[in-house]
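Each chain, written out:
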Amino acid sequence: MIMRIKILYIGNKLSKHGFNATAIDNLGFALENEGYILFYASEKKNFVLRLCDMIYTTIKKSKEANFVLIDTYSTLSFYYTLIITQLCRILNLKYITILHGGNLPFRLKNNPFLSKIIFNNAYKLVAPSGYLFNEFSKSFSKKLILIPNSIEIKNYPFFERDFLIPKLLWVRSFASIYNPKMAIDVLFFLKKDFPSAELCMIGPDNENLVNECKLYAKSKNVVVQFTGKLTRSQWTEKSKQYNIFINTTHFDNTPVSVIEAMALGLPVVSTCVGGIPYLIENNKNGFLVVDNDSLEMANSIKEIILNRNLNQIVSINARKTIEQFDWKIIKNKWFEILK
C-alpha cells in the first residue's frame, strides 16, 4: 500500500469470549497485513456496553478514520448498525456496510424506513454473496458491490478421503438458527444403513444448546462427539478424520465454514437457504436439501458414500470454486473501494 489508510471497523469482535471468529477478525486481520491501519469496536460482551463502546470509539476516531466498515446483521445487531451509521452521517464519515445477515432481505421488507436511512447514505454496500447482491440491487444498485468472503487458500490443503462409512462434520455456533438438532437426526437415519456412522459437532455454545443437544442425542440412542470451540487450525486438522461436511442452518449468507470445508475437499451437504444456492450447485460442487429435512440430507449422504465417482468429482469441483475466494484475488476489490 502507498497510503496508510486508516479504517474504523465496527462489529462483534467477540472471539476472545469464546465465540467463533467473524468478519471483523478475518477481514480486519487481512487488511492490516496489507498495510491498512485498523481501529476496532467492540470486544465488549454485553450488548449495551458494546454499543456504548462503538459510539465512543466512532466519536474518538472520527478525525482519523478515512472509512468506517460496519458488519451488518439482521438480528439485534441491526440496531447498532442503525445507530452507528447515523452517527457517521453527523460526523461526516464515509461508511461501508458489509451485509452479513442471511435474513437481511426481511429487514428490507419489514423495516423499509430504517433500511433506507442506513443504506441510502452509505458510501458503499458490500454484499458477500450473490443472494444478498440480488436482493439489495432492487433498491441500492448504484452503491452495491459484490465482494465474497475470502480465505487464504494456502491454509487449506486439499485432502483425499475414503468414503466407506459416513463420518460427518458439523462446524457452527450452537444457535437455534443453525438448527444443530437436525445434524443428530441425520445421524439417526444414517445409522439404519451404516451402524458405524459418526458425527462430530464443533463450535461454541452461544445459546446454551449443547446440553440440550447431548440429551437429544441420548434420546435418539446415537453417540455424538462435541468438542466445543476449536481454532481454525485445530478443526481443519481434525477434519482429516471426516469425509462429509453438513450445514443444517435455517438462514444463511455465505458461511466461511462452508467455504473452508469445500476448500479442504469435504463434500458439503447443506440446506438450500439464503445465499447457499449461490455458492453450491446441487450435484456439481456440493449437495442441497430442503430446510429441516433430515431424511433427505441422510439420503444425499448415502448416495455420496455409495457413488465414488460422484464424491470425487464434487470434491474437486468444490475446491476449484473456492480457489476464486482466495484473498490474493478478493483483496483487489477491497483496494478499489478503499482508495
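Residues numbered from 1 in each chain as written. Predicted model: local features only at pLDDT ≥ 70, side-chain atom pairs only at ≥ 80, totals over all residues. Heavy atoms only, no water.

## Side note on the sheet that holds strand β11 (residues 268-271)
Then, number 1: Strand order in the open sheet formed by six strands is β9-β8-β7-β10-β11-β12, with parallel pairing between adjacent strands. Every other strand in the sheet has two partners, leaving β9 (225-228) and β12 (287-289) as the edge strands with one partner each. Pairs of neighbouring strands in the sheet enclose a mean axial angle of 20°, with direction left out of account.
Then, number 2: When strand β8 (residues 198-202) meets β9, the two strands line up parallel, connected through three bridges. Directly across from Cys 200, in β9, lies its bridge partner Gln 225. (Pairing = 2+ DSSP bridges. Helix = DSSP H or I, 4+ residues; strand = E, 2+ residues; numbered from the N terminus. Axes fitted to C-alpha atoms, helices over the stretch in contact; angles between N-to-C directions.)

## What about helix α13 (residues 308-322)?
Then, number 1: With 15 residues, α13 should reach 21 Å at 1.5 Å per residue; the first-to-last C-alpha distance of 22 Å fits that figure.
Then, number 2: Every buried residue of α13 is accounted for by Leu 310, Asn 311, Val 314, Ser 315, Ala 318, Arg 319 and Ile 322. Along the long axis of α13, the arc covered by the buried residues comes to 160°, so they all point the same way. α13 presents Asn 309 and Lys 320 as exposed residues on the side facing more than 90 degrees away from its buried surface.
Then, number 3: If you follow the buried residues of α13, they end up packed against α10 (256-263), α11 (276-279), β12 and α12 (294-306).
Then, number 4: The residue sitting at the N-terminus of α13 and contributing the capping side-chain oxygen is Asn 307; that oxygen lies 3.4 Å from the backbone nitrogen of Asn 309. (Expected span 1.5 Å × (residues − 1). Buried < 20%, exposed > 50% of the residue type's maximum accessible area, 1.4 Å probe, protein only. Arc of directions from axis to C-beta. Contact = heavy atoms within 4.5 Å. Polar contact = N/O pair within 3.5 Å; in protein donor to acceptor, adjacent residues only side chain to side chain.)

## What about unusual backbone geometry?
Then, number 1: Backbone torsion omega between Ala 41 and Ser 42 reads 15°, so that peptide bond is classified as cis.
Then, number 2: Here Ser 42 is to be found in the loop between β2 (37-41) and α2 (47-60).
Then, number 3: A positive phi is found at Asn 292, a non-glycine position, where the angle reads about 70°.

## Focus on the sheet that holds strand β3 (residues 67-72)
Sheet strands pair via backbone hydrogen bonds, and the direction of the pair is either parallel or antiparallel.
Then, number 1: Spatial ordering of the open sheet is given by β2-β1-β3-β4-β5-β6, a layout of six strands whose pairing is parallel. Only two strands of the sheet have a single partner each, and these edge strands are β2 and β6 (144-146). Neighbour-to-neighbour, the strand axes of the sheet open up by a mean angle of 25°, direction not taken into account.
Then, number 2: Bridge count between strand β1 (residues 6-10) and β2: five bridges; the pairing is parallel. In the sheet register, Lys 6 faces β2, and the bridge partner there is Ile 37.

## Here's the deal with the pairing of strand β10 (residues 244-247)
Then, number 1: Burial along β10 is two-sided: Ile 244 and Ile 246 facing one way and Phe 245 and Asn 247 facing the other are all buried.
Then, number 2: Note: strand β7 (residues 167-171) against β10, two bridges, orientation parallel. Along β10, the bridge assignment pairs Leu 169 with Phe 245.
Then, number 3: With three bridges joining them, β10 and β11 adopt parallel strand pairing. Paired with Asn 247 across the two strands is Ser 270, which belongs to β11.

## So, the side chain of Asn 285
Then, number 1: Residue position: Asn 285 is located in the loop between α11 and β12.
Then, number 2: Within the local environment of Asn 285, its side chain forms a polar contact with the backbone oxygen of Leu 279, the two atoms lying 3.2 Å apart.
Then, number 3: Within the structure, the side chain of Asn 285 is placed 3.1 Å from the side chain of Thr 321, a separation counted as a polar contact.
Then, number 4: If we skip the residues at most four places from it in the chain, Asn 285 touches Met 262, Leu 279, Ile 280, Val 314, Asn 317, Ala 318 and Thr 321.

## Details of the pairing of β11
Then, number 1: The alternating pattern of β11 places Val 268 and Ser 270 on one face and Val 269 and Thr 271 on the opposite face, and all of these are buried.
Then, number 2: The β-α-β motif built from β10, the intervening α10 and the parallel element β11 has right-handed crossover chirality.
Then, number 3: Here β11 pairs with β12 via three bridges, running parallel. Residue pairing in the sheet places Ser 270 in a bridge with Leu 288 of β12. (Right-handed = clockwise from strand over helix to strand, strands pointing away.)

## Topic: helix α3 (residues 78-90)
Counting along an α-helix, one turn takes 3.6 residues, and residues three or four places apart therefore face a common direction.
Then, number 1: Relative to the 18 Å expected for 13 residues at 1.5 Å per residue, α3 spans 19 Å between its end C-alpha atoms, a close match to the ideal helical length.
Then, number 2: Turning to α3, its buried residues are Phe 78, Tyr 80, Thr 81, Leu 82, Ile 84, Thr 85, Gln 86, Leu 87 and Cys 88.
Then, number 3: Directly after α3, the chain includes Asn 92, whose backbone phi takes a positive value near 60°.

## Observations regarding the packing of aromatic side chains
Then, number 1: Across all of its chains, the model carries 12 aromatic pairs by this definition.
Then, number 2: For the pair Phe 78 and Tyr 79, a centre-to-centre distance of 5.6 Å together with 90° between the ring planes defines the contact as edge-to-face.
Then, number 3: For Tyr 79, a relative accessible area of 32% corresponds to the partly exposed category.
Then, number 4: The interplanar angle of 45° and the centroid separation of 6.0 Å between the aromatic rings of Tyr 131 and Tyr 278 together place this pair among those described as tilted. Placement of the pair is Tyr 131 in helix α6 (residues 130-140) and Tyr 278 in helix α11, with a sequence separation of 147 residues.
Then, number 5: When its relative accessible area of 12% is taken as the criterion, Tyr 131 is described as buried.
Then, number 6: Chaining the aromatic ring pairs together yields one cluster made of Phe 119, Phe 136 and Phe 140.
Then, number 7: Over the ring of Tyr 123 we find Lys 124, and its NZ or CZ is 5.8 Å from the ring centre.
Then, number 8: The ring centre of Tyr 178 lies 4.1 Å from the NZ or CZ of Arg 172, which sits over that ring. (Phe/Tyr/Trp six-rings, centres within 6.5 Å; stacked < 30°, edge-to-face > 60°. Lys NZ or Arg CZ within 6 Å of the ring centre and 35° of its normal.)

Geometric descriptors of this kind do not, in isolation, establish any biological role.
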